[in-house]
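So you can see what is in the structure, the chains are spelled out below.
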Amino acid sequence: MIKHLVMFYFTDKVTDKNRGEIARLISDSVKRMAQADIKGLIRMEPVRNMAEGMPDIGLYCEFESSDDLDAYQTHPEHERHKALAKDYCKDRIVIDWE
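Residues numbered from 1 in each chain as written. Predicted model: local features only at pLDDT ≥ 70, side-chain atom pairs only at ≥ 80, totals over all residues. Heavy atoms only, no water.

One non-glycine residue, D91, lies in the positive phi region at around 55°. As for its placement among the helices and strands, D91 is situated in strand β4 (residues 89-97). On the basis of relative accessible area, D91 is assigned to the partly exposed category, the value being 49%. (Helix = DSSP H or I, 4+ residues; strand = E, 2+ residues; numbered from the N terminus. Buried < 20%, exposed > 50% of the residue type's maximum accessible area, 1.4 Å probe, protein only.)

For the rest of this paragraph, the subject is a nonpolar patch on the surface. Together, I93, I95 and W97 give the surface a local cluster of nonpolar side chains, amounting to about 250 Å² of exposed area. With respect to the secondary-structure elements, I95 resides in strand β4. Given the relative accessible area of 42%, I95 is considered partly exposed. (Patch = residues over 30% accessible without salt bridge, like charges linked within 9 Å, V, L, I, M, F, W, Y side chains within 5 Å. Areas by Shrake-Rupley, 256 points an atom, 1.4 Å probe, with all protein chains shown as cover. Salt bridge = Lys/Arg side-chain N within 4 Å of Asp/Glu carboxyl O.)

Once that is clear, we can look at the pattern of salt bridges. Overall, the coordinates contain 7 salt bridges when judged by the stated rule. Ionic pairing is found between R43 and E45, a salt bridge with its closest N-O pair at 2.5 Å. Across the pair E77 and R80 runs a salt bridge, and its minimum N-O distance is 2.8 Å. In this pair, E77 and R80 both sit in helix α3 (residues 76-85), 3 residues apart, roughly one turn of the helix. Overlapping salt bridges, with partners in common, bring together R32, E77 and R80 in one network.

Structural data, given as structure tokens:
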């Protein structure tokens, strides 16, 4: 099994006023992605960091194999999610492990 963690800092478009709304928008998009037919996806969930000064939001996934993780990168639901999040998320941090 391959575990995949991606974390982002929010961009300047995310303010104290809209932070909760944007976090929900991104979390809902991750949940939609989790319901899609993505080969080899075992688990996917949105992540909201509680630590101050660290990345704000992300997602945690588990895949059956590294080939499945590679295929996920170009899956239409992942492309949709990336397009939605691009204005709100920056400085991607990725950790993949077995």
